[in-house]
Amino acid sequence: MNEKISRKISLLSLMFVGIIVLFHSEFRYRFSFISDLTTSANAFFFCVSAFFFYGSGKDVLTKLKKRVSTLVLPFFLWNLIYLFVRLFQGKIYPYNILETFTINPLCMPSWYLLSLFIMFLPAHFITKLLSKKYGAPVLILIGALVSFLGFAFFPGVILKIPFAGAYLVRICEYVLPYCFGAAMGARYEKKISVGVKNVIVGLILTAVILVLLRLDPASTLRWFLCVLLPMALWEAVPESLFAGEGFGGFLGFLTAPAFFLNMTHFMLLYFLEFLTSRLGIGNANILELIRVILACAVSYVLFYLMKKICPKVLGVLSGNRA
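What you see as residue numbers is a count from 1 along each chain, following the sequence as written. Given that this is a predicted model, residues contribute local features only at a pLDDT of at least 70 and side-chain atom pairs are listed and counted only at 80 or more, while totals for whole chains, interfaces and linings are drawn from all residues. Computation of side-chain values: all heavy atoms of the structure, hydrogens and water removed.

A. Inspection of the overall build of the protein chain at higher detail. Assigned secondary structure in the protein chain consists of 17 helices and 0 strands. Radius of gyration: over C-alpha atoms. The globule rule applied is 2.2 Å multiplied by the number of residues raised to the 0.38 power. For 322 residues, the compact-globule estimate of 2.2 N^0.38 gives 20 Å, and the protein chain sits close to it at 20 Å. For the protein chain, the C-alpha atoms occupy an extent of roughly 60 × 50 × 45 Å along the three principal directions. The buried label applies to any residue whose accessible area, calculated with a 1.4 Å probe on protein chains only, is under 20% of its type's maximum; exposed applies above 50%, and partly exposed to all values in between. Across the 322 residues in the protein chain, those meeting the buried criterion constitute 45%. A separation of at least 24 residues holds for 76% of the contacts in the protein chain among residues at least 6 apart in sequence. Note on areas: Shrake-Rupley, 1.4 Å probe, and residue coverage restricted to the protein chains presented here. Accessible area of the protein chain: about 16700 Å², with a carbon and sulfur share of 72%. Averaged over its 29 positive side-chain charges, the protein chain has a centre that lies 7 Å from the centre of its 13 negative ones. Helix and strand definitions follow DSSP, with helices as H or I runs of at least four residues and strands as E runs of at least two, each counted in order from the N terminus. Two residues qualify as a contact provided that any one of their heavy atoms is within 4.5 Å of a heavy atom in the partner residue. For the purpose of charge, His is not counted, nor are the chain termini; Lys and Arg are scored as positive and Asp and Glu as negative. Charge positions come from single atoms, namely NZ of Lys, CZ of Arg, CG of Asp or CD of Glu.

This is the structure we're talking about:
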């Protein structure tokens, strides 16, 4: 992949991880737009992950085996860590453990790892479809139907499914961006570059989507706009901004801990609540901002300490992203 595009994806990933951090803080109860942006963040991750999976020239079985170490193993390890910490808070029942490693992980940000792997399981059939002349638009249409029917129109039917109903509705929410990413990776990988001319269109689309979201549209339209937002934002940012080796080194330092930050911040926010509550700051927003900044800072310090002291452990926990 073009180095500048790779840097762009890394920076956008870090930005969307930052939004997820805000979502898991108290800010989501004070600023409703954070929930919308979190939907956009999840849509971006499903889209980009599918793009890389279906854009690779390797066979499906090889790619699935790799995703066991990059998705499934980190999912179980991080939830094992969270479960160990949870033991100090009180008794845990077998049903809670079953939920932790399936539909309701204690490490809440990790839910998309297992969900993504489940979406990759029918990759053999999706790859065959994408090899057809009109396979890409057909796949996007299928993704749109699954998302609209499963998440927007008939979630009540799916919610009645024992144990996994709510989980399946949540997966349906991101089938469309997943299918879009798969189509782009398999058929249009060489056409994702954004030049200066695209920026105007991208900026206009991004602004229009944000304005429409501000007008508080119906839930289905709101969800669709949130899914479109990362794509519009992609077109608004040209790769020329990411040139330069010096900048690349700084950007690498900044973005390398993104996955680690995503997995650790939920626990760190919880522990730091006890510390920040004793600071005696009356402004709730400032207090929460301090908690968020401290959680991010601690996560970065832990990441680079582990990279120096136990890089192999960090590699496993990060799915070799480090």
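B. Just the pattern of salt bridges, in detail. Should a side-chain nitrogen of Lys or Arg be within 4 Å of a carboxyl oxygen of Asp or Glu, the pair is scored as a salt bridge. Tallied over the entire structure, the rule returns 5 salt bridges. Its salt-bridge partner being glutamate 3, residue arginine 7 comes within 3.5 Å of it at the nearest N-O pair. Of the two residues, arginine 7 and glutamate 3 are both situated in helix H1 (residues 3-23); the distance of 4 residues between them amounts to about one turn of the helix. Using a relative accessible area of 48% as the deciding quantity, one classes glutamate 3 as partly exposed. Several salt bridges share partner residues, and in doing so they unite Asp36, Asp216 and Arg222 into one network.

C. Region of the structure containing the confidence of the model for the protein chain. Residues at a pLDDT of 70 or more form 98% of the protein chain, whose mean pLDDT is 92. Ranking the helices and strands of the protein chain by mean pLDDT puts helix H6 (residues 111-120) first, with 97, and helix H14 (residues 245-255) last, with 81. The predictor's confidence in any single residue is recorded as pLDDT, a number from 0 to 100.

D. Quick look at the environment of asparagine 262. Following the sequence through the fold, asparagine 262 ends up in helix H15 (residues 258-276). Sequence separation between asparagine 262 and glutamate 173 is 89 residues; the distance between their C-alpha atoms is 20 Å. Ignoring sequence-local partners within four residues, the contact set of asparagine 262 consists of Val17, Ile20, Pro109 and Tyr112.

E. Region of interest: helix H7 (residues 123-130). For H7, every residue scored as buried is listed here: Ala123, Ile126 and Leu130. Seen from one end, H7 has its buried residues packed into an arc of 60°, which puts them on one side. Here the buried face of H7 lies against helix H3 (33-55), helix H4 (60-86), H6, helix H8 (135-153) and helix H11 (175-187). This arc is taken over the directions from the axis of the helix to the C-beta atoms.

F. Layout of the packing of aromatic side chains. For Phe, Tyr and Trp, rings pair up if their centres lie within 6.5 Å, where Trp contributes its six-membered ring, and each pair is then called stacked (planes under 30 degrees apart), edge-to-face (over 60) or tilted (otherwise). On inspection of all chains with the given rule, the structure shows 27 aromatic pairs. Look at phenylalanine 44 and phenylalanine 45: their rings are 5.8 Å apart centre to centre, the planes differ by 70°, and that puts the pair in the edge-to-face class. Relative accessible area serves as the criterion here: at 5%, phenylalanine 44 is assigned to the buried category. Taking 5.3 Å as the distance between ring centres and 90° as the angle between the ring planes, the aromatic pair formed by phenylalanine 75 and phenylalanine 76 counts as edge-to-face.

G. Fine view of the state of the cysteines. The disulfide criterion is simple: two cysteine sulfur atoms within 2.5 Å. One pass over the full model with this rule turns up 0 disulfides. Here cysteine 47 is not disulfide-linked; the sulfur of cysteine 179 is the nearest cysteine sulfur, at 10 Å. In this structure cysteine 47 comes out as buried when scored by relative accessible area, which is 15%. Between cysteine 310, a free cysteine, and cysteine 107, which holds the nearest cysteine sulfur, the sulfur-to-sulfur gap is 18 Å.

H. Spotlight on the side chain of serine 299. Summarising the element assignment, serine 299 is placed in helix H16 (residues 284-309). When sequence neighbours within four positions are dropped, the list of residues in contact with serine 299 reads Phe260, Leu261, Thr264 and Leu268.

I. Here's a closer look at a nonpolar patch on the surface. Where nonpolar side chains cluster on the molecular surface, the patch consists of Leu141, Leu145, Leu149, Phe153, Phe154 and Val157 and spans about 620 Å² of accessible area. Sort the elements by how many residues they give to the nonpolar patch and H8 lands first, with 4 residues. The topology assignment puts leucine 149 in helix H8. Patch definition: residues with relative accessible area over 30% and no salt bridge; like charges joined within 9 Å; nonpolar side chains (Val, Leu, Ile, Met, Phe, Trp, Tyr) joined within 5 Å.

J. Region of the structure containing the nonpolar core. Throughout this description, the term nonpolar core refers to a set of buried Ala, Val, Leu, Ile, Met, Phe, Trp, Tyr and Cys residues connected via side-chain atoms within 4.5 Å. Counting residues in hydrophobic clusters, the biggest one holds 77 residues, and the most contacted among them are Tyr54, Tyr112 and Tyr178. In terms of residues, this core owes the most to one element, H3, which gives 11 residues. Not counting the four nearest positions on each side in its chain, tyrosine 54 is found in contact with Lys63, Phe120, Ala123, Ile126, Thr127, Leu130, Tyr178, Ala182, Gly185 and Ala186.

K. Broad picture of unusual backbone geometry. Notably, phenylalanine 163 is not glycine yet its phi reads approximately 70°, a positive angle. Relative to the helices and strands, phenylalanine 163 is located in the loop between helix H9 (155-159) and helix H10 (165-173). We note that aspartate 216 has phi near 60°; this positive angle belongs to a residue other than glycine. By the secondary structure assignment, aspartate 216 is in the loop between helix H12 (196-214) and helix H13 (219-236). Classification of aspartate 216 as exposed rests on a relative accessible area of 56%.

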